[in-house]
Amino acid sequence: MRAIVVRPPKPGVELIDCPAPSRAAGPVRVTVLECGVCGTDRDIVNGKYGKPPEGSPFLILGHENLGVVHAVDPSTAGFVPGDLVVATVRRGCGRCRFCSANRSDFCETGGFTECGINGAHGYMTEEYVESPEYLVKVPRPLRSVAVLLEPMSVVEKAIFQGQRVLDRKEPTPGHPRTEAPSALIAGTGAIGMLAALVLAMRGYRVAAIDRHGGDTPGVPLLARLGARHVNVATGFDALDGARFDLVIEATGSVSADFSLIDHLGPNGVIVLTGIPDEREPPATVPGGQLFRDIVLGNQAIVGSVNANRTYFESGLRDMTVAEERWPGALESMITSRLPLDAAPEVFGSPRRGGVKTVLRVRPTDAGPVP
Ligand SMILES: [Zn+2]
Ligand SMILES: [Zn+2]
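Quick caveat, the model's predicted, so the values are computed rather than measured.

## Side note on the domain arrangement of the protein
Interfaces are often described in size by the accessible area the parts lose on coming together.
Inference 1: Partitioning the protein into structural domains gives domain 1 (2-145 + 333-360) and domain 2 (154-303).
Inference 2: Look at where the C-alpha atoms of domain 1 and domain 2 centre, and you get two points 29 Å apart.
Inference 3: Listed as interface residues are 10 residues of domain 1 and, on the opposing side, 13 residues of domain 2.
Inference 4: With both chains or domains summed, domain 1 and domain 2 bury close to 870 Å², and 70% of this area falls on carbon and sulfur atoms.
Inference 5: Looking at the side of domain 1 facing domain 2, the largest losses of area belong to K48, M333 and V355, adding up to 56% of the total buried there.
Inference 6: Our enumeration of links across domain 1 and domain 2 arrives at 2 salt bridges.
Inference 7: Between K48 and D277 there is a salt bridge, with its nearest N and O atoms 3.7 Å apart.
Inference 8: For the pair domain 1 and domain 2, the number of links is 1 residue pair in polar contact (both at pLDDT 80 or more).
Inference 9: Residue composition of the side of domain 1 that touches domain 2, grouped by class: 3 nonpolar, 3 polar and 4 charged.

Structural data, given as structure tokens:
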């Protein structure tokens, strides 16, 4: 089968032909339909991190997946051929209490693997085999957008974490909230756009910032969600000093992170999801003022990574509601669909302005791989 592979820490990506996984390797056999491309994949291709499975000379790249079940071991219940599925990314360490409770996103040992990232093959290939516990069944009407479910799960977790912290000051019996809460999204890639969508759905007044003018693909969609777009290419002054209850960061830029903290409102929370480059030179910050404001403002800085199965499930519910409320909005985030063989070209050229590039592995979901 064809596969897009990397050999970290060597930069670069290759299209190879490799054997399909053995039928004994798992009870559910899945044909991959599509695989999304994201910043994590680019970091791996650039040699920043990534690790092949034990004993393999390469790592099959890709974690944002959608597939169709084409064979199920007779002893396995819950799946039938033709089911659409998205596989979760992280596989637990087998030792800590969080991994034992299917919450490997909170793993305490770091001994987990991540498909397409760290120690386990990913989905930029034609087939994989998996245990049912790592497969999330997707309703048919979401077929055209379900490749966004993995990034959506990351957004669901980040917002849930932020909301948990915000809720520590609620409720105020007898004095209900009269104004909608406000949210600032930093970055208008897929994570940022999905966060804008979910927060608009939850009744937040949303503003989204990036370093682009009004001609970027995300702008019309933000307008449709009722969200404000602000270009901060020349600085955060463009926000006119606005402060927000919830900030969702999806840029991985350290300097942006510090500027964002300045835009937290009283009792506000910033959730960081972007992963900065650890080789970034040290930054000088006015620490006294920064931490003083955080204490006096009851503010919180929260990191959020990965997502367990419950966030894939809440993501499916929110995607279904989004399809009813803003038909076509999710689909419009997929700004290009290219064949799997185009992957070397996609990774070989600088990131273009689109929201999400998806590699199409199989043109249809009918029938098993020949
Ligand atoms: Zn991703
Ligand atoms: Zn663990």
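## Side note on the nonpolar core
The nonpolar side chains of a soluble globular protein tend to be buried, and buried together.
Inference 1: With 57 residues, the main nonpolar core has L149, L197, L199, L246, L330 and M333 as its most contacted residues.
Inference 2: At 10 residues, helix α4 (residues 190-201) tops the list of elements feeding residues into this core.
Inference 3: Residue-level mapping places this core at the junction of two domains, with at least three residues from each of domain 1 (2-145 + 333-360) and domain 2 (154-303).
Inference 4: Excluding its chain neighbours within four sequence positions, the residues that come into contact with M333 are L148, M193, L194, L197, L221, V355 and K356.
Inference 5: I4, V6, V13 and I117 belong to the second-largest nonpolar core, a separate cluster that totals 30 residues.

## Points about the coordination of the zinc ion (ligand 2)
Inference 1: Those protein atoms acting as donors to the zinc ion (ligand 2) are C93 (SG), C96 (SG), C99 (SG) and C107 (SG), and they sit at 2.3 to 2.4 Å.
Inference 2: For the zinc ion (ligand 2), the 4 donor atoms are set out with angles of 103 to 117° between them, so the coordination reads as tetrahedral.
Inference 3: On the primary sequence, the residues serving as donors to the zinc ion (ligand 2) are separated as C-x2-C-x2-C-x7-C. Placement of C93 in the loop between β7 (90-91) and α2 (97-100) and of C107 in the loop between α2 and β8 (113-115) is noted, with a sequence separation of 14 residues between them.

## As for the pairing of strand β15 (residues 244-249)
Across a regular strand the side chains alternate sides, sitting on one face of the sheet and then on the other.
Inference 1: Within β15, 6 of the 6 residues are buried, which leaves the element mostly enclosed by the surrounding structure.
Inference 2: Of the strand pairs in this sheet, strand β12 (residues 182-186) and β15 are connected by 4 bridges, and their pairing is parallel. Looking across to β15, one finds that I185 is bridged to I248.
Inference 3: Across 5 bridges, the pairing between β15 and strand β16 (residues 264-272) is parallel. When the sheet's bridge partners are listed, V247 is paired in β16 with I270.
Inference 4: In this region the chain leaves β15, passes through helix α6 (residues 254-261) and returns to the parallel neighbour β16; the handedness of that crossover is right-handed.

## So, the pattern of salt bridges
Side-chain pairing between opposite charges can occur once the charged atoms of the two side chains come close.
Inference 1: Inspection of the entire model under this criterion finds 20 salt bridges.
Inference 2: Note that K169 and E170 form a salt bridge whose closest N and O atoms lie 3.4 Å from each other.
Inference 3: Two residues, R202 and D318, come together in a salt bridge whose shortest N-O distance is 2.5 Å. Note that R202 is positioned in the loop between α4 and β13 (205-210) and D318 in helix α8 (residues 309-325), a separation of 116 residues in sequence.

## Quick word on the side chain of E130
Inference 1: Along the polypeptide, E130 turns up in strand β10 (residues 127-130).
Inference 2: Note on E130: relative accessible area 11%, which makes it buried.
Inference 3: Separated by 2.9 Å, the side chains of E130 and R91 make a polar contact.
Inference 4: Not counting the four nearest positions on each side in its chain, E130 is found in contact with G26, P27, V28, R91, Y123 and L135.

The rules behind these values
Residues numbered from 1 in each chain as written. Chains lettered and ligands numbered in written order. Predicted model: local features only at pLDDT ≥ 70, side-chain atom pairs only at ≥ 80, totals over all residues. Heavy atoms only, no water. Domains from an automatic or database assignment. Contact = heavy atoms within 4.5 Å. Buried area = accessible area lost by both parts, 1.4 Å probe. Salt bridge = Lys/Arg side-chain N within 4 Å of Asp/Glu carboxyl O. Polar contact = N/O pair within 3.5 Å; in protein donor to acceptor, adjacent residues only side chain to side chain. Nonpolar A, V, L, I, M, F, W, Y, C, P; charged D, E, K, R; others polar. Core = buried A, V, L, I, M, F, W, Y, C linked by side-chain atoms within 4.5 Å. Buried < 20%, exposed > 50% of the residue type's maximum accessible area, 1.4 Å probe, protein only. Helix = DSSP H or I, 4+ residues; strand = E, 2+ residues; numbered from the N terminus. Donors = N, O, S within 2.8 Å, 3.2 Å for Na, K, Ca; no water. Tetrahedral: all angles 85-135°; square planar, octahedral: opposite > 155°, others 65-115°. Pairing = 2+ DSSP bridges. Right-handed = clockwise from strand over helix to strand, strands pointing away.

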